[in-house]
Each structure stands twice: as C-alpha cells, then as structure tokens.
Amino acid sequence: MKTFNTRTARAIVVALAAGSLALTGCSKNTGGDSDAKEKAKKDQKNAAAQSAAVNYGDAAASTGPAAEVPGARPGGTVTVYQESGISHLDPGQVYVSDAGQLSNLIFRGLTNFSEDGKGGVSVVGDLATDSGKSSEGGKVWTFTLKDGVKDQNGNVITSKDVRHTIERTYAKFLFDGPTYIQNWLSGAKYRDALPDGGFGDKHLPDSVLATPDEKTIVFKFDKPRPDLPQTLAMPGYSIVPEKTDTKEKYDKAPVSLGPYKIAENKTGKSLKLVKNTNWDPKTDSVRHQYVDGFNFQFGVTESTQTKRLIADQGGDKSAIQFTGSVDATQIQDVVGDAKVNARTIKGYQPYVQVLSFNLDRVKNKKVRDAVTYAANSSSLIAGEGGQYGGDVAANLFAPTLPGYEADYDPYGRLKTPKGNLAKAKELLKDVPAAEKKLVFAYANSESGQKRKVAIEDALGAAGIDVVAKEIDAASYYQTIGKLDNPYDIYISGWGQDWPSPATVVTPIYDGDQVADGSANYSHIKDPKVQELIAKALTQEPTEAAATWREAHHYILEKVNPSAPLWYTKQIQLFGSNIGGARYSTESSYLDITRVFLKQP
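Residues numbered from 1 in each chain as written. Predicted model: local features only at pLDDT ≥ 70, side-chain atom pairs only at ≥ 80, totals over all residues. Heavy atoms only, no water.

K.L.:
Tell me what's going on with the overall build of the chain, and back it up with residues and numbers.
P.N.:
A count of helices and strands for the chain gives 17 helices and 20 strands. Taking 2.2 N^0.38 as the reference for a compact globule, 600 residues should give roughly 25 Å; the C-alpha atoms of the chain span a radius of gyration of 23 Å, in line with that estimate. Of all intrachain contacts in the chain linking residues separated by at least 6 positions in sequence, the fraction that spans at least 24 positions is 76%. Element-wise, carbon and sulfur atoms account for 49% of the exposed surface of the chain, whose accessible area totals about 22300 Å². A distance of 3 Å separates the average location of the 71 positive side-chain charges in the chain from that of its 71 negative side-chain charges. (Helix = DSSP H or I, 4+ residues; strand = E, 2+ residues; numbered from the N terminus. Rg over C-alpha atoms; globule rule 2.2 N^0.38 Å. Contact = heavy atoms within 4.5 Å. Areas by Shrake-Rupley, 256 points an atom, 1.4 Å probe, with all protein chains shown as cover. Lys, Arg positive; Asp, Glu negative; His and termini not counted. Charge placed at Lys NZ, Arg CZ, Asp CG, Glu CD.)

Have a look at this one:
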C-alpha cells in the first residue's frame, strides 16, 4: 500500500528558511550517529515481527461481537486532526494509507485483519463466515456471507453486491486502487474483459466469478492464489452495494457498512462521522462502536496538532492524530516528558521512501546512479523526526518484509547517509548539462517543503540543476501516477500489502503494471524483471525467496528506477481522555477500531 505522500497528511507550506532550520535543529536533538544506528538495529529487530506469516481464522474467530476493550465505555465524540483531506472515499480508489485508516470505520469487506495486540495478525471473515475455503489446490475459493449484514440504508448485502464490487474495479473511472484480483481473474489487460465494469448487461462468466445463490461467492483462478483472503482484506476491495453505486460520484458520498457513516463531508475542510444504526456488532469480530462519532478537522498542520496535544487542554484531551505524526521539531518535547510520552504510540512502518525516476524522461543510468549517491538520507530523516521518524534505507525492501537484507547496500547508503558527492560528481562529469536538469515534484505540505529543501541542497551540491514543482498534497499520488506527467523525479513510499515480496515487487516494478494510476511510478518495463516476477509467482514461498532476491538485486543495481532514501517509523500523539489506544501492526497507525473516551 502507498504511504500517504507526506507520511502524514499535511497541507500548509512553510518558508524555505523555516524548513532548513527545522532540519538542522531536529538533527541536533535526536542524538549522535552511533545512538541512531543502535536504535535502528533494535527497531529493525522488532520490525521483523511484521514479516511473520498471517494466520487464517476459522468461523469461531470470525464471529462477533469483538472482544471488549478493557475499561471501555460508550459515548462522546473524538476530534481527529488531519492536515490534508482524505485522498479517496470510494473503496475502489483506496490504496493510500489515510483512506485505508478511515475505511475500517465505514467500510467492510469479505475478510479483514484481526490483531492480538502482541504483534500477531490473522485474517478473519468480515462479511464472510470465515476467511474462505479453498479447493482444487488453491485455485478455487468459496465464501459464504453472514446473516444479518446490512448497509446504512438497511439493505441486506447479498452475493450480487460482492460480484458488483469486484466487477466495478474493471471500470475505467477507477484507477487508484489495488489490481491484484482483477489481474488474477482476467490478466494484465483485465479492463478489456469487462470494459463497462459490470454496469451494463455483461458480467464476468461463472467460470471466473460465480454467485450460485444469495449467500455464496466463488472465485476461480487459473493457478493457486493462497493469498486471496489477505487480498480481500485490503480496503480497496470493501463492498460497494449495487443499488446505491453512483459511479464517479460515489467518491464523494459512499454508503457505509461499518460502525460509522458519513453525516457531513466538506471536501478538504471537515468530515463528520456518526453511528451507523444498521451495523450489527454480532456480525463483526474486529470493530467496536464505542464513541458517538468522529469529527475530522482538515487543514491542521502537524506542528499545530502536536502543540495542541502536548498542551492537552479542553477539547484537545479527546483528540487524536489520524495519519499524522508528532512534528519533527517537537519530538524532544514529547519523548522528553514522561507524561506526554505515555500518550504516544510508536512502531516501525512497512514503508520504504524512495526517490522515483520517471524512466521515460531520465534515461541515462549514470544520472540515476549519481542522484542515488548524492541523496542525503540524514537530512531527509531529520525532517521526519530523526531516529523516531525513520532509518536510512540501504535497499528497496523494508525491515518488515520477508527477505529483507540489512547488509545489502549497493550504493553505500549506510556508510554515507549524508550522500557521496565525490562519487556522484564522478558519474556526472561527462553528462551533458541538459541531462543534469531534473524537474522534482513535491507536495505543498510542511514535510513536502522540508523534502524539497533536502533534495535541492543534496543534488545541487552534486552539480544537478533541480527545478522544483509544487503539487497539491491530497492529489499527490494521483498526479505523479499519470503516465504522461511532466516530472523527472518524485518521492514515493510503498509498504507491503501483506508479508510477501510479491506485494512490493509486482505492483511497483512489473512492466505489465505500467498504466495511469499504477504504482509503477518509474514506468520500469524490463523483460528480465518481468521474467523473474512471473517465475516467483509460480513458486512456493521458500523457493520464491531466492527469485525475489535476484529480482530485487537486478532492479536496484542494473536498472535503478528508484533511489532508496529511508525506512519510515511512526510516533503519534493523542489526548489524555482517549482510551484503548495502541499501535496497529496492520495499519502502522493508532488502532482506530478500539478507541473510546474515558470521560464521554
């Protein structure tokens, strides 16, 4: 899944000078290099827990209601601070972490992730009675719907709604969501199989997707798909009831199946959630409905969020950060105060932040390699909060991913985290001036501004002329996701959709995925890479590990479509009246499904 462009949602631009000061000041407050390295080793060891295989739950694990949160009580409204508006509200467009976090409040899918609070994650039936039953060696998967599941309008959810949800992802107006199931059912050119997305008379044949009765859905693949239960748990495959699907307009006013529904949506300004009275806790083994609602306030900068939550006065006592993080310049004010620090959640995220090269424009590998050597990871990480915000990325696999190699560092990022300017200049000495002029796209946000400064300073020192172009933070991924975009380089982040290299290498580096809205932001289309991906996808996990490793090394060394910058960490703050707060291994944020108010 994509990390939200700014790692958090930020929308207000700070001055160049302020951004530079923030970077310098923060680096002074986060300890020396040796301290950071030791903390990185410890954090990466803890992160390995997220690479463990996910268990598939049975009917008992899928039966609601969810286990009560100790001390929980009903009532009250939670204030949610967020800087940019939510990227998408249509489930079929959800592939960014801000919308993914919101999805667990208002949407439901056939399956969902369930956490034990100790780092263990399992897949359980959400609308389905269990995590699915496979047959024919994993080529066929059958799901049965629970009784009594309704949408916010009181309409009973049937197998037709599930079929519609899958088929609508074939429609051209949906371009930002996951494409795993579409590809598995109909191939890379899946849109050709159902151009109108099932809105007309044509549907996917029963040989691919069958609904023999109102409660049963059967997926039929040409090869084993053991990861289907995890795939269906992604927010991008949440159910869209057929009766109320408004196509393009659905992104503004979706219909809820979860514990909360949208009462008011002022795009980019505010979002109000209230209880969905048609949600039945007996059908839900994951979510709760403790509070009366959530009031989202957009346009609140990360620095303002942090100041308010540190002060913890009045209504701020009942407030949370959503996908925002503690402001980098105020981290010491948080971790240095035991009472404030007790109101934080911390953890390693699955994201690798990279500087993606648009290979349609940056065709000279010497330039790409020079940029990779020149990039100053230390400066970028300082802007994220130093050792609390991230660690230097040596490669394209995160510490949370199976197959991660801590010592695989082909560009010497760990030895020269501030950049290797001598090497960069050597590579650029015979490169024409025109090829050393790069257009850099950045988000109009606090962190986007800091990143702009760090990239300009590092690449400029190597002799690269950086032309910075600002993009609206809320539509950042949509903008850089256009094939015909006018940018040479841009920072993007990606995390595993579940613990498998297939969910990283395939969506980002598979040439078959090159399309508008695809996560293949570099537009890499290399035959060798595609050959290795195809090979790995047919192998058992143990055997596939070696193939994914070969693909990873080839991509980074022989093509270099993305320069690794940093592995992200999360530190979020919440008010003293918030109960049930814990870090979510699955979302890498505050576990939004458990929140209650101590004093409603």
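The discussion continues.
K.L.:
Give me the lowdown on the pairing of strand E4 (residues 121-125), citing residues and values where you can.
P.N.:
Taking burial as the measure, the five residues of E4 include five buried ones, the bulk of the element. Because side chains alternate across E4, one face comprises the buried residues Val 121, Val 123 and Gly 125, and the other comprises Ser 122 and Val 124, equally buried. Summarising the sheet, strand E1 (residues 55-56) and E4 pair through two bridges and their orientation is parallel. The residue of E4 that forms the bridge with Asn 55 is Ser 122. (Buried < 20%, exposed > 50% of the residue type's maximum accessible area, 1.4 Å probe, protein only. Pairing = 2+ DSSP bridges.)

K.L.:
Can you break down the sheet that holds strand E7 (residues 209-213) residue by residue, with the values?
P.N.:
A sheet is described by the order of its strands in space; here four strands give the open sequence E5-E6-E8-E7, paired in antiparallel fashion. The outermost strands of the open sheet, each flanked by one partner alone, are strand E5 (133-135) and E7. Recorded for the sheet is a direction-independent mean angle of 20° between the axes of neighbouring strands. Alignment of strand E6 (residues 140-144) against strand E8 (residues 216-220), held across five bridges, turns out to be antiparallel. Across the sheet, the residue bridging to Thr 142 is Val 218, located in E8. Across the face of the sheet, helix H4 (residues 159-168) comes into contact with E7 and E8 while running at roughly 170° to E7. (Axes fitted to C-alpha atoms, helices over the stretch in contact; angles between N-to-C directions.)

K.L.:
Before we move on, can you summarise the packing of aromatic side chains with the specific residues and values?
P.N.:
Counting across every chain of the model gives 19 aromatic pairs. Summarising the aromatic geometry, the rings of Tyr 476 and Tyr 477 are spaced 5.6 Å apart at their centres and angled 85° between planes, so their arrangement reads as edge-to-face. Exposure class is identical for Tyr 476 and Tyr 477. Each is buried. Each residue in the set Tyr 56, Trp 141, Phe 143, Tyr 180, Trp 184, Phe 219, Phe 221 and Trp 498 is aromatic and connected to the rest through ring pairs, giving one cluster. Note that Arg 168 overlies the ring of Tyr 250, its terminal NZ or CZ placed 5.4 Å from the centroid. Just above the ring of Phe 199 sits the side chain of Lys 247; from NZ or CZ to the centre is 4.9 Å. (Phe/Tyr/Trp six-rings, centres within 6.5 Å; stacked < 30°, edge-to-face > 60°. Lys NZ or Arg CZ within 6 Å of the ring centre and 35° of its normal.)

K.L.:
Tell me about the packing of helix H10 (residues 365-374) against helix H12 (residues 421-428), residues and numbers included.
P.N.:
Contact geometry of H10 with H12 gives a least axis separation of 8 Å together with a crossing angle of 165°. By the angle class used here, H10 and H12 are roughly antiparallel. The interaxial crossing formed by H10 with H12 has left-handed handedness. Here Lys 366, Val 367, Asp 369, Ala 370, Tyr 373 and Ala 374 of H10 lie close against H12, whose contacting residues are Leu 421, Lys 423, Ala 424, Leu 427 and Leu 428. Taken together, the residues of the contact of H10 with H12 sort by class into eight nonpolar, no polar and three charged. (Parallel < 35°, antiparallel > 145°, perpendicular 65-115°, else oblique. Left-handed = near helix turned anticlockwise from the far one by under 90°. Nonpolar A, V, L, I, M, F, W, Y, C, P; charged D, E, K, R; others polar.)

K.L.:
Talk me through the sheet that holds E1; I want residue IDs and the actual numbers.
P.N.:
Strand order across the open sheet formed by three strands is E1-E4-E3, with mixed pairing between neighbours. In this open sheet, the two edge strands, each paired with only one partner strand, are E1 and strand E3 (111-115).

K.L.:
Just give me the short version of the side chain of Arg 343, but keep the residues and values in it.
P.N.:
You can see Arg 343 is positioned in the loop between helix H9 (338-341) and strand E13 (344-357). Summary of buried charges: Arg 343 has no salt-bridge partner, and the nearest side chain of opposite charge, Asp 312, is 4.0 Å away. From its side chain, Arg 343 meets the backbone oxygen of Ile 310 in a polar contact 3.5 Å long. A polar contact is formed between the side chain of Arg 343 and the backbone oxygen of Phe 574, at a distance of 2.7 Å. (Salt bridge = Lys/Arg side-chain N within 4 Å of Asp/Glu carboxyl O. Polar contact = N/O pair within 3.5 Å; in protein donor to acceptor, adjacent residues only side chain to side chain.)

K.L.:
Which residues make up the side chain of Thr 593, and what values go with them?
P.N.:
The residue Thr 593 is located in the loop between strand E19 (578-579) and strand E20 (596-597) in this model. What makes Thr 593 buried here is its relative accessible area of 9%. Residues in contact with Thr 593, not counting those within four places in the same chain, are Asn 104, Val 286, Arg 287 and His 288.

K.L.:
Pulling in residues and values, what's your account of the confidence of the model for the chain?
P.N.:
With 91% of its residues at a pLDDT of 70 or more, the chain shows a mean pLDDT of 90. Contacts from residues 4-32, a stretch scored under 50 in pLDDT, to residues over four places away or in other chains number 93 contacts. (pLDDT = per-residue confidence, 0-100.)

K.L.:
Tell me about the packing of helix H16 (residues 527-536) against helix H17 (residues 541-559), residues and numbers included.
P.N.:
The geometry of a pair of packed helices is captured by two quantities: the angle between their axes and the separation between those axes. At a closest axis distance of 9 Å, the pairing of H16 and H17 adopts a crossing angle of 165°. In terms of axis orientation, H16 runs roughly antiparallel to H17. The crossing of H16 and H17 is left-handed. The segment H16 lies against H17, with Lys 528, Val 529, Leu 532, Ile 533, Lys 535 and Ala 536 engaging Ala 544, Thr 547, Trp 548, Glu 550, Ala 551, Tyr 554 and Ile 555. Among the residues forming the contact of H16 with H17, the class breakdown is nine nonpolar, one polar and three charged.

K.L.:
Outline helix H13 (residues 446-461), listing residues and values.
P.N.:
Over its 16 residues, H13 runs 23 Å from end to end, which matches the ideal 22 Å to within 8%, given 1.5 Å per residue. Burial in H13 covers these residues: Glu 446, Ser 447, Gly 448, Gln 449, Lys 450, Arg 451, Lys 452, Val 453, Ala 454, Ile 455, Ala 458 and Leu 459. Directly after H13, the chain includes Gly 463, whose backbone phi takes a positive value near 100°. (Expected span 1.5 Å × (residues − 1).)

K.L.:
Give me the pairing of strand E11 (residues 293-297): which residues, what numbers.
P.N.:
Pairing between strand E2 (residues 77-81) and E11: five bridges, direction parallel. Residue pairing in the sheet places Thr 77 in a bridge with Gly 293 of E11. Where strand E10 (residues 270-275) lies against E11, five bridges are found, and the strand directions are antiparallel. Residue pairing across strands places Leu 271 opposite Phe 296, the latter belonging to E11.

K.L.:
Describe the pattern of salt bridges, naming the residues involved and giving the relevant values.
P.N.:
Here the structure, examined in full by the defined rule, presents 18 salt bridges. A salt bridge links Asp 284 to Arg 287; its shortest N-O distance comes to 2.8 Å. For Asp 284, a relative accessible area of 0% puts it in the buried group. Residue Arg 287 is classed as buried on the basis of its relative accessible area of 3%. Here Arg 582 and Asp 591 are joined by a salt bridge, their closest N and O atoms 3.2 Å apart. Take Arg 582: its relative accessible area is 19%, and that puts it in the buried class. Here the residues in one salt-bridge network are Arg 108, Asp 126, Asp 284 and Arg 287, joined through shared partners.

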